[in-house]
Amino acid sequence: MNIDFANLKLAYQTHQEAFEKAMQKVLTNAAYIMGPEIEELEHELSTFTGTEYAISCSSGTDALLLAMMALDIQPGDEIITTPFTFIATAETIALLGAKPVFVDIDKDTYNIDPPQIEAKITAKTKAIIPVSLYGQVSDMDEVNAIAKKHNLSVIEDAAQSFGATYKGKKSCNLSSLACTSFFPAKPMGCFGDGGAVFTNNKDLAEKIKSLRVHGQTKRYTHKYIGLGGRLDTLQAAVLLVKLKHYEEDVKMRQQVAERYHDLLKDVLPTPIVKEHNTSVWAQYSIRVASRDLVQQKLKEKGIPTAVHYPTPLHLQECFGYLGYKMGDFPVSEEVSAEIMSLPMNPYLSQDEQNYITEELKKLL
Ligand SMILES: Cc1ncc(COP(=O)(O)O)c(C=O)c1O
C-alpha cells in the first residue's frame, strides 16, 4: 500500500467541479486583488467562528504579524508563547523587534501550561500567544484570566485549529485576537498561501484592514507602516467552496482519529483531547522512542510520517541570542524527541488505517 499523508489530490478531486467553477469566475472577472470573493469569504468566516470581524490575509505568518502590529508591539516588548510550535509563532515576534519569552507546555495537550505563565510576566510583557497545537485549543479561560489580571492581550495562534471548539465556543473567537492559516495541508487549506485574523474589536479590525494594504486608509494615503498582506481572490474563491464542506471534513477527520485511537490504545498512549474540547486533528501525533528507525521502516512500507516539531524553538540557532539552553523547557524537549505524526486526512480509509497501525505495532 502507498499511503498519502494529507491527500490533497483527493481533497481537490472530491469537489473539483465546484473549485474549477469558482476559480473560473475569478479568472473571467479578472478581479485578482480584493475581488468580491474576499468580502464574501470574510463574511462567511465571521459567521462560522461567531466573531464580529474576520480579515483575510496572505498567510498564517502574516496574520500573526498583522495582529501584533495592530497591538502596536514595539522593539523591547515581551510576548509570551511556547517553544513547542512552528517557527512562525515566535519568528513574527522577533521580526517586530520584540522578545519571545517561552513557557513550557502541558504534558498531555502539548499546549502552553497556564500555571507557568505568571512567573514570566514582567513590566515589558504585552501579550500572550497560546498555540492551539494539532487542532486543540489551549486552556483559554486560564490564559485569559492571567491576561486580564496583568492587562495583556491574548492572540490565539489558531493556525492548526480552525473549526475546533472550546467549551462549545469556536477557536478564533476566544481571545482579543486570533490568527489562522489556510496553508494547503492545514485542516482548511487553500491552493497556496492564505490566512486570516479574527477579532471582536472594531478598532483593531479597521487597523488590521489598513495594515494589510500598506497601512493605507485611502488610495496612496498611508496612516501606518504596513505590509502587502492581502489574500488572493483566487484563494478566497477556493476557500468559499472549502468552507461549505468544512464541518463534514472535520467530522471525517474526527472519525479517522477515533479509529486510530481504537487501533492503538492498547499499545501506546494515544493523543489526549480535554473533555471540554473538540479537535480538528490538524495532526494525529503519537510518541515513539526510536523515532528515526520507526519512520524509516514505515517509509519502506509506503507509510509517510512527519515530525511536528523536532527541535523546540528555544534550541533553534536563530534564537540563540535569547540565551536559552537545553533543560530550560523539559516537557517541550522530551516531546520533540519522540513526537511523530501519522497520516491524517478526511479520506483515510479503515483498510489504510488497519495497515498503518499493523505495520506500526510490529515496530514498537
Ligand atoms: C502553529 C502555526 N503558526 C503559524 C503558522 C504559519 O502559517 P503559514 O504557513 O500560513 O504562514 C503555522 C503553519 O504552519 C503553524 O502551524
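Above this text you will find the structure in question.
Residues numbered from 1 in each chain as written. Predicted model: local features only at pLDDT ≥ 70, side-chain atom pairs only at ≥ 80, totals over all residues. Heavy atoms only, no water.

## A short note on helix α4 (residues 60-70)
Working note: α-helix, 3.6 residues per turn, so residues spaced by three or four point in the same direction.
Line of reasoning, step 1. Buried residues dominate α4, accounting for ten of its eleven residues.
Line of reasoning, step 2. Three or more residues of α4 are buried, namely G60, D62, A63, L64, L65, L66, A67, M68, M69 and A70.
Line of reasoning, step 3. You can read the cap of α4 off the contacts: a side-chain oxygen lies 3.3 Å from the backbone nitrogen of T61, and it is on S59.
Line of reasoning, step 4. Phi for D72, located one or two positions after α4, is positive at around 65°. (Buried < 20%, exposed > 50% of the residue type's maximum accessible area, 1.4 Å probe, protein only. Helix = DSSP H or I, 4+ residues; strand = E, 2+ residues; numbered from the N terminus. Polar contact = N/O pair within 3.5 Å; in protein donor to acceptor, adjacent residues only side chain to side chain.)

## Some thoughts on the sheet that holds strand β2 (residues 78-81)
Line of reasoning, step 1. Spatial ordering of the open sheet is given by β1-β9-β8-β5-β4-β2-β3, a layout of seven strands whose pairing is mixed. The sheet is open, and its two edges are formed by β1 (53-57) and β3 (99-102), each paired on a single side. Sheet twist, expressed as the average angle between the axes of neighbouring strands with direction ignored, equals 25°.
Line of reasoning, step 2. Examined bridge by bridge, β2 and β3 share four bridges and lie parallel to one another. Within the sheet, the bridge partner assigned to I79 lies in β3 and is P100.
Line of reasoning, step 3. Its contacts with the sheet place helix α5 (residues 88-95) against β2, β3 and β5 (153-157), and it is angled at close to 140° to β3.
Line of reasoning, step 4. Most of the contacts of helix α7 (residues 202-211) go to β1, to which it runs at about 15°, and overall it touches β1, β8 (177-181) and β9 (195-199). (Pairing = 2+ DSSP bridges. Axes fitted to C-alpha atoms, helices over the stretch in contact; angles between N-to-C directions. Contact = heavy atoms within 4.5 Å.)

## Remarks on the packing of α4 against α5
Line of reasoning, step 1. Between α4 and α5, whose axes approach to 9 Å, the crossing angle comes to 45°. Comparing their axes, α5 and α4 come out oblique. In the crossing of α4 with α5, the sense of the turn from one axis to the other is right-handed. The residues of α5 that touch α4, namely those facing T61, L64, L65 and M68, are A88, T89, E91, T92, I93 and L95.
Line of reasoning, step 2. Taken together, the residues of the contact of α4 with α5 break down into six nonpolar, three polar and one charged. (Parallel < 35°, antiparallel > 145°, perpendicular 65-115°, else oblique. Left-handed = near helix turned anticlockwise from the far one by under 90°. Nonpolar A, V, L, I, M, F, W, Y, C, P; charged D, E, K, R; others polar.)

## Observations concerning the pairing of β1
Line of reasoning, step 1. Most of β1 is tucked away, with four of its five residues classed as buried.
Line of reasoning, step 2. Across five bridges, the pairing between β1 and β9 is antiparallel. Counterpart to Y53 in the pairing with β9 is T199.

## Focus on the pattern of salt bridges
Opposite charge on two side chains makes pairing possible when the charged atoms of those side chains draw close.
Line of reasoning, step 1. Applying the stated rule across the entire model yields eleven salt bridges.
Line of reasoning, step 2. A salt bridge links E42 to R212; the nearest nitrogen and oxygen atoms lie 2.8 Å apart. Separated by 170 residues along the polypeptide, E42 in helix α3 (residues 36-49) and R212 in the loop between α7 and β10 (216-218) bring together distant segments of the chain. Like R212, E42 is buried.
Line of reasoning, step 3. E247 is the partner of K170 in a salt bridge, and the nearest nitrogen-oxygen pair spans 3.7 Å. In this pair, K170 is assigned in strand β7 (residues 169-170) and E247 in helix α9 (residues 246-264), connecting sequence segments 77 residues apart.
Line of reasoning, step 4. Among the residues examined, E247 registers a relative accessible area of 40% and is labelled partly exposed.
Line of reasoning, step 5. Residues joined by salt bridges that share partners form a network here, namely R287, E334 and E338. (Salt bridge = Lys/Arg side-chain N within 4 Å of Asp/Glu carboxyl O.)

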